[in-house]
Amino acid sequence: MTMTKEQCFEQLLLGKTIKSESWLAPIRDKAGERAQALNFPTARHDDWRLTDLSPLFQHDFHPVDSYASLSPADIDALLIPGSIRLVFVDGSFASSLSDLKPAGAGVTVSSLVERSGDAQVEANFARLADFEQDTFAALNTRFFEDGAFVHVTSETAVPIHILNVATKRETPSAIYPRCLIVMAANSLATVIEDFAGQNDGINFSSAVTEVVLGEDAQLHHVRVQREEKSAFHIGHCAVEAASGSVYTSTSLAFGARVSRHDLHVTLRGEGAEATLNGLALIGGRQIADTHTRIDHASPRCISRQLHKCIADGAAHAIFSGKIMVREGASGTDSAQSSRNLLLSGKAHIDTQPQLEIFNDDVSCKHGATIGQIDADALFFLKSRGFSEEQARNLLTHAFAAEIIDRIPVPSLVESLDRTILERVNGADGAGK
Amino acid sequence: MIKEGSKTLLEVKNLHAAVEGVEILKGVDLTVRAGEVHAIMGINGSGKSTFSKVLAGHPDYTVTGGTATFEGKDLFSLEPEERARAGLFLAFQYPVEIPGVSNSALLRLAYNTLQNERGLEELDPLEFEDLLEEKIKVVEMDPRFLSRSVNEGFSGGEKKRNEILQMAVLEPKLAILDETDSGLDIDALRIVASGVNQLLTPDNAVIMVTHYQRLLNYIVPDYVHVMSGGRIVKTGGKELALELEARGYDWLKAAA
């Protein structure tokens with residue numbers, strides 16, 4: 001059934017009835033009202049004018065009311081050995097697939113619904129992810145069923161893996177993954193948010209993640225979007241970093257027909273640091289859009305950003321990165337780099353670095369490049385016996401590896417590396 | 001060394017080549033047999049670098065006439081990678097940097113591609129490490145350079161040594177060294193030259209393309225060819241290089 005944009009939105013708004021705690025019910029109601037008022041963004045919204053959402057509007061997305069039961073074998077390829085694992089299937093917590101045993105003292109990892117009464121949850125839920133101006137954050141807040149809650153009060157070396165799996169259903173499904181990460185003062189952890197699908201399912205995942213870093217806390221936040229190429233993914237992540245804290249994000253977009261990731265980091269306390277690493281690797285007719293905003297709201301904060309897009313086939317990759325320096329945020333040190341690789345004549349990449357500076361005492365560097373595979377490097381490799389295809393794949397892989405290698409979980413780096421090799425080899429049709 | 005009856009590796013006849021429609025090579029003839037060291041000298045713009053790139057198959061250059069056979073095969077019917085697999089090697093004048101590809105991974109992949117071509121066993125990373133340990137001695141390279149990205153942040157001398165390391169690993173039948181001496185200080189030049197000398201056997205050959213005589217003090221050529229105006233205008237023994245050093249190139253231009 002082909003839908004109009006209006007019908008698609010109406011269908012999403014129907015949602016389903018979800019029971020909520022008394023503190024949460026009013027938030028849901030308000031979010032529902034905002035969603036209705038905001039409706040889908042249009043080309044007139046500056047933040048959305050480059051993102052073609054029309055493939056999304058063609059589907060009739062239904063809420064998920066009965067749950068597929070997956071076996072451990074179904075998710076085996078996605079697992080990170082030794083990690084603390086929370087698994088959500090179509091937005092619902094799957095305790096039998098999860099493994100919380102590796103969590104030591106000082107680490108609480110659970111379903112959000114189970115921890116609904118937790119003071120940290122009530123204090124931080126929907127505080128950072130602004131649904132007033134964002135339809136998708138509003139839809140998520142209105143309709144999310146469950147989510148992940150991570151509360152770290154000490155230093156932990158065990159990675160925390162939050163795996164969201166969308167299954168193939170009879171009708172296209174709307175799923176609302178949710179995640180709240182609270183890092184107490186002086187805590188340290190690595191959290192991997194992972195979004196995957198199955199069997200070319202047509203799913204629409206609208207995800208919201210909120211991250212709170214206390215003073216001197218350190219978090220490496222990995223985000224892997226490897227949904228099916230028939231799926232749609234819109235993610236919104238809001239981060240607040242207190243003084244002295246260090247937030248590192250490594251975010252990958254490989255999957256989905258259309259994907260979008262909004263990452264908003266507020267450096268709230270003096271001397272906070274953020275490093276944002278991003279990679280979109282797409283082909284075919286995929287669209288991948290990353291919008292980031294780093295808000296230097298305090299003095300002497302540091303931000304570093306490296307975002308890479310690789311587009312093959314007739315794909316369209318978009319990067320928009322805003323750096324804001326508030327009045328009074330003296331001694332700001334920021335550097336942003338956007339590097340892009342076009343693998344085909346039909347692929348398309350837009351990159352938009354944006355600086356908004358309300359302060360004199362700052363160092364803000366930024367740069368962007370868009371290029372093709374370097375002809376000299378290609379000839380060099382051929383002169384060493386590599387075929388054209390091998391040489392192109394090696395160079396493409398090397399371009400992507402610079403981001404992947406920043407993930408501090410070796411087994412994940414290895415498996416993502418294999419994914420990239422399959423991609424650049426065109427084994428799954430993402431290539432030419 | 002010149003030996004009667006050695007196998008002919010490369011035979012170039014009346015080679016013409018152009019870049020962007022401008023003819024640079026205007027009838028080059030050259031025969032290289034196994035065991036020989038050839039030097040091709042000439043001023044900038046004489047066509048000597050073009051000659052090396054045309055032999056390696058650089059896509060910017062078009063062959064407009066003449067022939068080249070490599071061990072009897074028509075060289076110009078082969079893709080650059082096929083030429084490499086057949087045993088032709090070009091050491092680049094300006095080696096490229098490849099961020100994200102480690103030197104050792106590049107060498108192993110290239111080595112295994114050739115092993116495959118030759119019907120020999122591929123080496124796994126551990127076996128290859130042992131092989132590399134021996135090969136880096138040829139160019140006196142610090143093993144730390146192996147784990148770094150190809151040529152990234154290398155000095156000029158380190159890049160040239162890295163080219164010779166690739167030659168040591170790939171063991172080509174014919175190596176063309178394109179201005180390998182340019183930009184090298186005397187120590188680096190000595191190391192690079194000593195590396196090349198160690199790799200010379202009665203079965204392979206080297207063509208050195210150079211502007212200056214000084215490399216030839218370290219790698220002694222059997223033949224010196226002078227290129228001018230896209231042709232080889234004079235061929236002699238190693239003493240010709242000394243004469244060029246003393247008299248310059250002008251007298252040959254006049255002769256041509």
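We now turn to the structure provided with this report. (Residues numbered from 1 in each chain as written. Chains lettered and ligands numbered in written order. Predicted model: local features only at pLDDT ≥ 70, side-chain atom pairs only at ≥ 80, totals over all residues. Heavy atoms only, no water.)

## A short note on the overall build of chain A
The secondary structure content of chain A amounts to nine helices and 21 strands. Radius of gyration (C-alpha) of chain A: 21 Å, near the 22 Å computed for a compact globule of 432 residues. On the principal axes, the C-alpha backbone points of chain A span a range of 70 × 55 × 45 Å. Relative to its 432 residues, chain A shows a buried fraction of 60%. Sequence-distant contacts, at least 24 apart, represent 84% of the contacts inside chain A between residues at least 6 apart. If you sum the accessible surface of chain A, you get close to 16300 Å²; carbon and sulfur atoms cover 47% of it. Chain A carries 39 positive and 55 negative side-chain charges, and their two centres are separated by 3 Å. (Helix = DSSP H or I, 4+ residues; strand = E, 2+ residues; numbered from the N terminus. Rg over C-alpha atoms; globule rule 2.2 N^0.38 Å. Buried < 20%, exposed > 50% of the residue type's maximum accessible area, 1.4 Å probe, protein only. Contact = heavy atoms within 4.5 Å. Areas by Shrake-Rupley, 256 points an atom, 1.4 Å probe, with all protein chains shown as cover. Lys, Arg positive; Asp, Glu negative; His and termini not counted. Charge placed at Lys NZ, Arg CZ, Asp CG, Glu CD.)

## Quick look at the side chain of Lys48 of chain B
All names here are of chain B. Along the chain, the position of Lys48 falls in helix 1 (residues 48–56). Among the polar contacts listed, one links the side chain of Lys48 to the side chain of Glu179, at a separation of 3.3 Å. What Lys48 contacts, discounting residues up to four positions off in sequence, is Ile40, Met41, Gly42, Ile43, Glu179, Val209, Thr210, His211 and Met227. (Polar contact = N/O pair within 3.5 Å; in protein donor to acceptor, adjacent residues only side chain to side chain.)

## Here we look at the interface of chain B and chain A
Contacts between chain B and chain A engage 28 residues on the former and 16 residues on the latter. Between chain B and chain A, a total of about 1700 Å² is buried, with carbon and sulfur atoms accounting for 71% of that surface. Taken together, the connections running from chain B to chain A amount to one salt bridge. The residue Arg384 of chain A makes a salt bridge to Glu163 of chain B at a minimum N-O spacing of 2.8 Å. Summed over the shared surface of chain B and chain A, the result is five residue pairs in polar contact (both at pLDDT 80 or more). (Buried area = accessible area lost by both parts, 1.4 Å probe. Salt bridge = Lys/Arg side-chain N within 4 Å of Asp/Glu carboxyl O.)

## Side note on the packing of helix 2 (residues 25–38) of chain A against helix 6 (residues 135–143) of chain A
All names here are of chain A. The contact between helix 2 and helix 6 brings their axes to 8 Å, and the two run at 145°. In terms of crossing hand, the pair formed by helix 2 and helix 6 is left-handed. The residues of helix 6 that touch helix 2, namely those facing Ile27, Arg28, Ala31, Gly32, Arg34, Ala35 and Leu38, are Thr135, Ala138, Leu139, Thr141, Arg142 and Phe143. Partitioned by chemical class, the residues of the contact of helix 2 with helix 6 number seven nonpolar, three polar and three charged. (Axes fitted to C-alpha atoms, helices over the stretch in contact; angles between N-to-C directions. Left-handed = near helix turned anticlockwise from the far one by under 90°. Nonpolar A, V, L, I, M, F, W, Y, C, P; charged D, E, K, R; others polar.)

## Here's the deal with the side chain of Ser337 of chain A
Here Ser337 of chain A is to be found in strand 19 (residues 332–342). A relative accessible area of 17% means that Ser337 of chain A is categorised as buried.

## Observations regarding unusual backbone geometry
Residue and element names in this part refer to chain A. Positive phi outside glycine occurs at Asp200, with the angle close to 55°. Along the polypeptide, Asp200 turns up in the loop between strand 9 (188–197) and strand 10 (203–213). Looking at Asp200, the relative accessible area reads 51%, which means it is exposed. Positive phi, close to 60°, is recorded for Asp216, a residue that is not glycine. Checked against the element boundaries, Asp216 lands in the loop between strand 10 and strand 11 (218–226).

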